Amino acid sequence: MLFNSFQYWIFFVIVAVLFYSVPFRIGKLVLLLASYVFYMWWDPRFIVLILTSTVVDYFLGIWLEATSGPRKKLLLAVSLVVNLGFLGFFKYYDFFAGSLAALLHIPKSSVVLQVVLPVGISFYTFASLSYTFDVYWGKMKAVRNPIDYAFFIAFFPHLIAGPIIRARQFISQIWSWRTPAAIVVQSGIILVLSGLLKKMVFADRFAVVSDSYFNDPMAHPGWLAAWSGCLAFFMQVFFDFSGYTDIARGCAKLLGFEFPLNFARPFLARNPPDLWQRWHITLSTWVRDYVFMPFSRGKKGRLMLYRNMFVVMVLVGLWHGANWTFVAWGTYHGLLLIGYRLFDRATVGTAIDRVMKQRWFVPFSIGAMFAAFVLSAAFFRPKTLQTSGHVLSALLGFQHMTGEFLLTTGTIVLIFISLFLAVAQERSQFIDRLVLQPARVQIPAYVLAFLVLELFPATGPVPFVYFQF
Amino acid sequence: MLKGHDALPIASLLMRNCNAPMTGEVHKRFGEHWRNWSALLESLSVVAAFLACVALFVLTEPGLRAAPQQSASGSNSERVSGAPRITANPERVTVTGEGGSTDVQWDTGNGSPGFVFVTEDGRKPVLFAKGSQGSRSAPWIGRNHYVFELYGDNQRRTLLARVTVSGSIGGPSSHQRKISWQDVARWMLIVGLAAVSYFAVYLSSPGPVRTTFPMEPTTSPCPLHVVRNLALSIAAFVFLDGVIFHSGLYVSILAPSSYAGRIAEITQAEKDRAPSGLKEVLVLGDSRIAEGFSTDLANELGSTGGLKFVSLAEPAASANTWYYMVREVDPTTRRYSAIIIPYGVGYEPNSADPLRISMTAPLLGYGDCFHFASGFQRWSGRFRAFTACILRGSAYQDDVVDLLEHPISRITSLHGEAARMHSREVYKGRDYDLVGTSYDSMTGHVTFAEKLTEAQRLAFRKSLIQPSQSDVEYSLKLQREWIPRIINRYSKSPTSIVLTPVPRGPFVELSGFSRGYVSVLPSSVIQRTTFSVPEQTFDFLEKPEYYFDAFHLNAKGRQRFTETLVSQLIERFQSADSKAEGNIGFQAWNQPGRTNTANNL
């Protein structure tokens, strides 16, 4: 059931009507059951995983709260083993077993199990882990109502591809739920429309260009083809994922819940740290709070900081998929972060630093960061490191030819429209302000959105890119 | 939850602003910009600059395009055939001591024969080349003007397209000057886009790096009207869609080479055609009839009986499209003396649903939603069809994108309806056959006759589709559901409905031979028509000599099929005349109020 399918909206309307027609304590049960139905629509077998993870962490949370000392650590370890065990087995077993087999020259087929990846496992595992960590650290109390906890894990708008929500943000919303105000509903509708536009009009059109390049990069030699293919790919990924997030956030708002922001104009980032403040915010803050900070606590020295930074980025890469290309992608971003830190340290107080802080120079910083990010598509999209190498050599001009310019007129226009919208949103929350605008502004904006959705979607419902993660 | 609106009139509600003070971080930011018109002006300047660049891009697009553009091809507005064209490259030739050279390319657009004549400075035209399409070099261009004209016949009666080539001496030619102008435009465009991008990004970054990003507002200082605004927006959207797409406004600019554009064009032309005063016979069908039936020949043969044939057969048109075409061109059900409907084993893949919807869309109204949607096999197809009836724009998605990407070429292509209609009329069919070619259905191996060109072989291979059982069943379902609807429509009309089988293909191994005709349409349907051409009538045509691919008759087959069908028609009606003593039959055609009944012949 894709968010951009008619089927989903029928489902959503039925669920919303049922939810609002009963008291909230029954309504959340309705939402929980609907979430399980939604999940089983993909593959009913994997409901067992989500139920197991829910039951284990629910009881562990209560025990963690009541325990102290080494036993508490043991309980946390059990939670980590169960959650990461599922994730590791279903997502990474084939990858590591296959890699080991290659290293030991054992036939890959003898160790690989062809495990099917359960949809959304990376997202709900992280959500679940955030709960046990927070209870362990005493940042929140254990949830006593199993329905509340199960609902937090399985709530369908975030279940498949995030945003990664935290228990302490969400559980309190369950406890203090009230019928959403008109402005929240309005905001939800605008988010849903914006998400559908991002996905169906922008992402799916960029997908045509990026697929034409990445399906066979050898057939499109030259730097121009590579840059246009990589640019189209990252535009696709951004609009796809942020469109999904917008729809998820919009649906949650329509049901009276608030999800955190996941994207904030990432292509306007000026440097690598700024990028990770804007791109997949819920993942980067999750790894910051639950991986980077605990590992860095009490450890001094820049070398340690850089090491931790690097390891975290490699893990972020690996989180995206079980493939060496994702490890390379994480490594690239880790090196980019460290490189920027070193550069920043080396130039602080110098003329370079002063120039870089000038407003006129900012667009160049943004351009450079954007180019560095687009370059990372060479690792993100190809299936093998060999193909990554080919794309990278094309991007860096080692093929000594120009090649085709793959972007179409339509996609160029879309790039400039998105640039304008991003600038307007960055400056003045242009889109968020629509909620408070009078009807004379709102109605034409809605009509325009409907017309664009009617006339310009790419053909057929295309699955969201992040479902595979 | 959602506040209802107060008693103010709608107009004043729509104009009212929500200008009370706000609180919180988000509200503070809003407050800063709420009446900050300078921010809006800055944004508008970006939009203006952006639009200027887009305009520049569109104007220079043909020269700047480096890669094939994403267009309607391969989608539901895929081209079936283009308008006739002839081009020369270069058109302005630099003449050196031994003369200059240009390459001439031509295409009649629909596979009909073409004759290229060249006229040098008003002298007598000389045949330069012939063929439905091709290219040829003219290395003898001197300091003169040469007019290359593409005709549909060798008597130069039907001019399809023309291009003029001029030769001049030395120096950089104006063609080269044109290239350099495009180079300048390209660089101007790149610089312009870079400047706009810089300006836009500059505007976005007034302060230091941000670390927080505000969420959407959660409180409003004044009542909001969510349901009212949404309902009004939906109503306005449906109204706007109706004005643009239901009114005929957009249909008039549909790409004439798209399926939808062709259906719209030929249906409109037939609707506008004045009555001939003869007994008019309408022929429906898909590409098999479009290739296999010649109206020119049929009119010649039927002239003795006072018959005029009109064909609305179009590639990819299926029985549901025929129904709406007939309804469009004959609203009173009394225009035609007879309507010929073909039937037989075919295939209709579910994946072609968008195409079927798109090509039928110009003929649909709001009232057709359930009727039209019910004809589709899958729910997704039904939903799409239903939506296309209400929101017609959804059926023209690819066409709209194509229009926006290539506005100039669209405007150019809209002229030339007469030439397109004429080339349709004079089309004689493909002039090659499959004699000497064999096909093994078990291995899929094809042995081609040596005489076939590579393009002809490719066309044959493409036509060797092994449709799935469901594709075949879908085709049968469409025929079984929609042909009776056409028959029902004419049940109280003097128009005779004639069913005709279509020849199945050149080789018995092909899928078209998998079923008998009886299994296509039940006898109850056949009995309700005025008469049905016997099933074996065209068996003699099912040979390689009458086909150019696995489905379509060639010029020779076209001639034989037309002759046989028309003679069957005349014979049957004459026989009916003599038996029915003028009650019902050939001479009784067009008698108002006559009711058509089953087996009345």
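Located above this text is the structure these notes cover.
From a predicted model like this one, the values you see are computed outputs, not experimental measurements.

Cut-off values and rules
Residues numbered from 1 in each chain as written. Chains lettered and ligands numbered in written order. Predicted model: local features only at pLDDT ≥ 70, side-chain atom pairs only at ≥ 80, totals over all residues. Heavy atoms only, no water. Buried < 20%, exposed > 50% of the residue type's maximum accessible area, 1.4 Å probe, protein only. Helix = DSSP H or I, 4+ residues; strand = E, 2+ residues; numbered from the N terminus. Pairing = 2+ DSSP bridges. Axes fitted to C-alpha atoms, helices over the stretch in contact; angles between N-to-C directions. Parallel < 35°, antiparallel > 145°, perpendicular 65-115°, else oblique. Contact = heavy atoms within 4.5 Å. Polar contact = N/O pair within 3.5 Å; in protein donor to acceptor, adjacent residues only side chain to side chain.

**Student:** What am I meant to see in the pairing of strand β11 (residues 338–343) of chain B here?
**Tutor:** It is a general feature of regular strands that their side chains alternate between the two faces of the sheet. Residue and element names in this part refer to chain B. β11 sits mainly inside the fold: six of its six residues count as buried. Taking every second residue as pointing to the same face, both faces of β11 are buried, with A338, I340 and P342 on one and I339, I341 and Y343 on the other. Two elements, strand β9 (residues 279–283) and β11, share three bridges in a ladder whose sense is parallel. Paired with L282 across the bridge in β11 is I339.

**Student:** Please clarify how the sheet that holds strand β10 (residues 307–311) of chain B should be interpreted in this entry.
**Tutor:** The strands making up a sheet are joined through hydrogen bonds of the backbone, oriented either antiparallel or parallel. Residue and element names in this part refer to chain B. The sheet built from five strands is open, its strands ordered β10-β9-β11-β14-β15 with parallel pairing. Among the strands making up the open sheet, the edge pair consists of β10 and β15 (531–532). When β9 meets β10, the two strands line up parallel, connected through five bridges. Bridging across to β10, K279 finds its partner in L307.

**Student:** Could you clarify how one ought to interpret the packing of helix α4 (residues 70–103) of chain A against helix α5 (residues 121–136) of chain A in this entry?
**Tutor:** Packed helices, taken two at a time, are described by the angle their axes make and the gap between the axes. Residue and element names in this part refer to chain A. Contact geometry of α4 with α5 gives a least axis separation of 10 Å together with a crossing angle of 175°. Viewed along their axes, α4 and α5 adopt a mutual orientation that is roughly antiparallel. Residues K72, K73, L76, S79, L80, N83, L84, F86, L87, F90 and K91 of α4 touch α5, and the partners they reach there are I121, S122, T125, F126, S128, L129, T132, F133, V135 and Y136.

**Student:** Got a minute to help me understand the environment of P363 of chain A in this structure?
**Tutor:** For P363 of chain A, the location among the structural elements is in helix α16 (residues 362–375). A residue is classified by how much of its surface remains accessible, and P363 of chain A, at 9% relative accessible area, is buried. Sequence-wise, P363 of chain A and A269 of chain A are 94 residues apart; in three dimensions their C-alpha atoms are separated by 9.8 Å. The contact partners of P363 of chain A, leaving out residues within four places of it in the chain, are Y198, V201 and Y202 of chain B.

**Student:** How should the environment of S491 of chain B be read in this particular structure?
**Tutor:** All names here are of chain B. Mapping S491 onto the fold places it in the loop between α17 (469–489) and β14 (496–501). Overall, the relative accessible area of 34% leaves S491 in the partly exposed class. Residues S491 and T333, spaced 158 residues apart in sequence, show a C-alpha to C-alpha distance of 9.5 Å. Within polar-contact distance, the side chain of S491 engages the backbone oxygen of N488 at 2.9 Å.

**Student:** So what exactly am I meant to see when it comes to the sheet that holds strand β6 (residues 133–141) of chain B here?
**Tutor:** Residue and element names in this part refer to chain B. Strand order across the open sheet formed by three strands is β1-β3-β6, with antiparallel pairing between neighbours. Where the open sheet ends on each side, the last strands, each with one partner, are β1 (85–89) and β6. Taken pair by pair, the neighbouring strands of this sheet meet at an average axis angle of 20°, ignoring direction. Alignment of β1 against strand β3 (residues 100–107), held across five bridges, turns out to be antiparallel. Along β3, the bridge assignment pairs R85 with D107.

On their own, these measurements won't tell you what the molecule is for.
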